[in-house]
Amino acid sequence: MNELQQMLKRQAQWQKDRACLTWAEKIRMVEAVQKSIRQLRARVAPKGPEDDRRHEH
Amino acid sequence: MKELAQLLIEMRVAGVIQDYALFGAVAQIRYTEPVATLDADVLVAVPSSKGLDQLGEIYEFCAQRGWRAEGEAIRVGAWPTQFIPAFSPLTREAMEQAETADFEGLSLRVVRADHLAVIALSVGRAKDFARILSLLESSSVDREAIAKLAARHGLSEAWQKFRKKFLDE
């Protein structure tokens, strides 16, 4: 197994290990990223008909 | 989430709901790696006297506590929360047989992994199929349990299709 494969394997294991955290800990992790997701969604979502028309020109 | 746990306890005590259980991604997170989600989904049973307006009293109860409607949901703390009446035999059973989990000292009822998988199977979007795979990978449910539950709720064909497509059988 080359170095890259080992790194990917370690990364997958690291992510899987998070399943063992308590439910409350995992929920807190999700709450921590919610704000960023909302901001990102607000940035990419069209703001309304006027905004759409502006993009057409 | 603590605000939601507290609200659900109060709703039950006040008789606004008879029973409830969290499902969807928030429930999934109990069994798997955390997944990004913005919403909380709650199955509810309301007293039979409520008739067609099953959710009216829930909205009113939330508003009295400062939790406002936001689209199809009610924003409770950080969580836009959808209250969904347990309308089908599958969702009713999932709610009735839910487990009680501890959330920072408060009790929260959460749908079991097998019910979660079969509800996902019944909905059938890509993210629902991903949920089933994630639950299987975490060993919180096995194929036999899903097959059995799916058969009881008329979803054997959907389960066969899922197995063929995603489990290479």
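Residues numbered from 1 in each chain as written. Chains lettered and ligands numbered in written order. Predicted model: local features only at pLDDT ≥ 70, side-chain atom pairs only at ≥ 80, totals over all residues.

Caption draft 1: Quick look at the confidence of the model for chain A. All names here are of chain A. Summing up the model confidence of chain A, the mean pLDDT is 78 and the portion of residues at 70 or higher is 77%. The least confident element of chain A, judged by mean pLDDT, is helix α3 (residues 49-56) at 49; the most confident is helix α2 (residues 23-44) at 87. Taken as a whole, residues 52-57 scores under 50 in pLDDT and shows 1 contact with residues more than four places along the chain or in a different chain. (pLDDT = per-residue confidence, 0-100. Helix = DSSP H or I, 4+ residues; strand = E, 2+ residues; numbered from the N terminus. Contact = placed C-beta atoms within 7 Å.)

Caption draft 2: Spatial organisation of the pairing of strand β5 (residues 79-85) of chain B. All names here are of chain B. With 5 bridges connecting them, strand β2 (residues 40-45) and β5 associate as parallel partners. Residue pairing in the sheet places Leu43 in a bridge with Ile84 of β5. Note: strand β4 (residues 73-76) against β5, 3 bridges, orientation antiparallel. Looking at the pairing, Val76 lines up with Trp79 of β5. The antiparallel hairpin formed by β4 and β5 contains 2 residues in its connecting segment, where Gly77 sits at a positive phi of about 60°. (Pairing = 2+ DSSP bridges.)

Caption draft 3: Quick peek at the interface of chain B and chain A. Counting residues at the interface gives 14 residues for chain B and 15 residues for chain A. Grouping the constituent residues of the side of chain B that touches chain A by class yields 8 nonpolar, 3 polar and 3 charged. (Nonpolar A, V, L, I, M, F, W, Y, C, P; charged D, E, K, R; others polar.)

Caption draft 4: The packing of helix α5 (residues 113-123) of chain B against helix α7 (residues 143-152) of chain B, seen in detail. Residues and elements named next belong to chain B. Running from amino to carboxyl end, α5 crosses α7 at an angle of 60°, the nearest separation of the two axes being 9 Å. When the interaxial angle is binned, α5 and α7 end up oblique. In the crossing of α5 with α7, the sense of the turn from one axis to the other is right-handed. Where α5 approaches α7, its residues Asp114, His115, Ala117, Val118 and Leu121 are matched on the opposing element by Ala145, Ile146, Leu149 and Ala150. (Axes fitted to C-alpha atoms, helices over the stretch in contact; angles between N-to-C directions. Parallel < 35°, antiparallel > 145°, perpendicular 65-115°, else oblique. Left-handed = near helix turned anticlockwise from the far one by under 90°.)

Caption draft 5: Region of the structure containing the environment of A:Glu25. Residue and element names in this part refer to chain A. Tracing the backbone through its elements, the reader meets Glu25 in helix α2. Residue classification places Glu25 among the partly exposed positions, given that 13 C-beta atoms sit within 10 Å. Taking the C-alpha atoms as reference points, Glu25 and Lys35, 10 residues apart in sequence, are found 17 Å from one another. (Buried ≥ 20, exposed ≤ 12 C-beta atoms within 10 Å, placed from the backbone.)

Caption draft 6: Local environment of the domain arrangement of chain B. All names here are of chain B. Along its sequence, chain B is organised into domain 1 (2-111) and domain 2 (115-166). Each side of the interface is counted separately: domain 1 has 12 residues, and domain 2 has 11 residues. Listed by contribution, the elements that provide at least two residues to the side of domain 1 that touches domain 2 are α2 (24-31) and α4 (89-96). Looking at the side of domain 1 that touches domain 2 element by element, the count peaks at 5 residues for α4. Its residues assigned to classes, the side of domain 1 that touches domain 2 shows 7 nonpolar, 4 polar and 1 charged. (Domains from an automatic or database assignment.)

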